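Next come the chains, spelled out residue by residue.
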Amino acid sequence: MKKRILTGDTPTGKLHIGHYVGTLKNRVALQDEYEEFIILADTHALSTLSGNPRVIQGHTLSVLLANLAVGLDPEKVHFFAESLIPEIYEMAAIFSMYVSHNRALRNPTVKDEITMKGLGDRFSLGFVNYPIFQAADILCVKADLVPVGKDQEAHIEQTRELAREMNRIAGSEVFPEPEGLIGEIGKLVGTDGNPKMGKSLGNTIYLGATTDEIKEKVMSMYTDPNRIHASDPGKVEGNPVFIYLDAFKTPEDEEQIAQFKQAYTQGHVGDVEVKTYLVGVLDRFMAPIRERMEKYNNEKLLLEILHAGSKTTQGEAQKNLEEVKKIIGFVY
Ligand code: ATP
Ligand code: MG
């Protein structure tokens, strides 16, 4: 039997190139080796969109479309909507009894997101419960591996603790302790130099972006703030333009990029020239994504894919919820 992957996205907006390097690329690379379950975590999306919940459904389909557009094969991968698997809610309710309130609040990603999203003290109970829900997403299919971006590491630790606790009570290894798999670039910087390219921060290049959209974003990108003239020596390290070049280059781009790096540090090439090259690199990366996006952009087809994957996932979730109930002795 193949080992399992569980990963996915919160449908709070469109997916972007940060999601690609953080997790989508690994999903594509591992779809043959593993049995993959990909969640569209619509209930999780309520943690930020509760006031405007009806937009989530549209985002769910757009996020599914982006997953297909990067090359995930719906014949192999099970895509499911969190809200179609009520077993997840039951499992999460049980798990929430095993996590102290302090432990939940101590989660560094929860703390970061409260600051980053400016939630102050208005964050919901569900927001703090987010990682516990996520543990249910992961354990309901007994996943072995969870390919995610760096910001999810803390949540996976929470899942591992819950798996261990269930196993301790059971006296045997019922749940594998899932491992995280962080992408080569665990956190891609935004076009504005913000350490995280984020759906809600407006500093993104969306998957499926047109050539013009790419051009507009790249040409106004943040580079080295201390460099005023093209003849000033510039900094390559930490410069978003070079980070993107390295992230999306093909082997044919290697030599040119190495030359640019050298020239940039010596003040022999301007931002505009390097940025123009980056537009080309990103446009070549995006071309097949745009094509597949057109191919799958059909609501009926997307819903069929979602229903089929949800049905398979629910079968697994039912079995594993039963196991949790057996562990805690809820057998009547
Ligand atoms: P939200 O603000 O709603 O949480 P998000 O942009 O963080 O949105 P998620 O759906 O939470 O998106 O994350 C999906 C996956 O993409 C996760 O594995 C996350 O770690 C990863 N990811 C998100 N942003 C980045 C980024 N800038 N670089 C690399 N990976 C990222
Ligand atoms: Mg997130």
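Residues numbered from 1 in each chain as written. Chains lettered and ligands numbered in written order. Predicted model: local features only at pLDDT ≥ 70, side-chain atom pairs only at ≥ 80, totals over all residues. Heavy atoms only, no water.

Novice: Provide a residue-level description of the nonpolar core, including the pertinent values.
Specialist: Judged by nonpolar contacts, the single largest core of 54 residues is most densely connected at Ile 17, Leu 207 and Phe 248. No other element matches helix H12 (residues 271-296), which puts 11 residues into this core. Residues lining this core come from more than one domain, with at least three contributed by each of domain 1 (4-189 + 299-328) and domain 2 (208-292). For Leu 207, the residues in contact, after removing those within four places along its chain, are Leu 15, His 16, Ile 17, Tyr 20, Leu 24, Ala 66, Val 70, Phe 285, Met 286, Ile 289 and Met 293. Counting residues in hydrophobic clusters, the runner-up holds 35 residues, among them Ile 132, Ala 136, Ile 138 and Val 174. (Core = buried A, V, L, I, M, F, W, Y, C linked by side-chain atoms within 4.5 Å. Buried < 20%, exposed > 50% of the residue type's maximum accessible area, 1.4 Å probe, protein only. Helix = DSSP H or I, 4+ residues; strand = E, 2+ residues; numbered from the N terminus. Domains from an automatic or database assignment. Contact = heavy atoms within 4.5 Å.)

Novice: Which residues make up helix H10 (residues 240-248), and what are the values?
Specialist: Of all nine residues that make up H10, seven are buried, and the element is covered over most of its length. Among the residues making up H10, those that are buried are Pro 240, Val 241, Phe 242, Tyr 244, Leu 245, Ala 247 and Phe 248. Its buried side turned inward, H10 meets helix H1 (17-30), helix H11 (254-266) and H12.

Novice: Before we move on, can you summarise the site of ligand 1 with the specific residues and values?
Specialist: The full set close to ligand 1 counts 19 residues, and Thr 10, Thr 12, Asp 151, Leu 188 and Lys 196 are the nearest of them. Take Thr 12: an N or O atom from its side chain is 2.6 Å from an oxygen atom of ligand 1. In isolation ligand 1 offers 600 Å² of accessible surface; the protein chains occlude 97% of this area. Elements represented by at least two residues in the shell around ligand 1 include exactly strand S1 (4-9) and H1. Sort the elements by how many residues they give to the shell around ligand 1 and H1 lands first, with four residues. In terms of residue class, the shell around ligand 1 is built from three nonpolar, 10 polar and six charged. (Near = heavy atom within 4 Å. Polar contact = N/O pair within 3.5 Å; in protein donor to acceptor, adjacent residues only side chain to side chain. Areas by Shrake-Rupley, 256 points an atom, 1.4 Å probe, with all protein chains shown as cover. Nonpolar A, V, L, I, M, F, W, Y, C, P; charged D, E, K, R; others polar.)

Novice: Explain helix H4 (residues 86-96) residue by residue, including any values.
Specialist: What H4 keeps buried is the set Glu 87, Ile 88, Met 91, Ala 92, Ile 94 and Phe 95. Here the buried residues of H4 occupy an arc of 160° about the axis, which is enough to place them on one side. Considering only its buried residues, H4 is in contact with strand S3 (78-81), helix H7 (125-139), helix H8 (153-170) and helix H13 (299-327). (Arc of directions from axis to C-beta.)

Novice: Report on the packing of aromatic side chains, specifying residues and quantitative values.
Specialist: A full pass over the atoms with the stated rule returns nine aromatic pairs. Judged by centre distance (4.8 Å) and plane angle (55°), the rings of Phe 248 and Phe 285 are tilted. You can see Phe 248 sitting in helix H10 and its partner Phe 285 sitting in helix H12, a full 37 residues away along the chain. Judged by its relative accessible area of 14%, Phe 285 falls in the buried class. (Phe/Tyr/Trp six-rings, centres within 6.5 Å; stacked < 30°, edge-to-face > 60°.)

Novice: Before we move on, could you go through the domain arrangement of the protein and cite the residues and values that matter?
Specialist: The domains assigned to the protein are domain 1 (4-189 + 299-328) and domain 2 (208-292). Between domain 1 and domain 2, the C-alpha centre-to-centre distance is 33 Å. Contacts between domain 1 and domain 2 engage 10 residues on the former and 11 residues on the latter. Buried surface at the junction of domain 1 and domain 2, both sides included, amounts to about 870 Å², of which 80% is carbon and sulfur. (Buried area = accessible area lost by both parts, 1.4 Å probe.)

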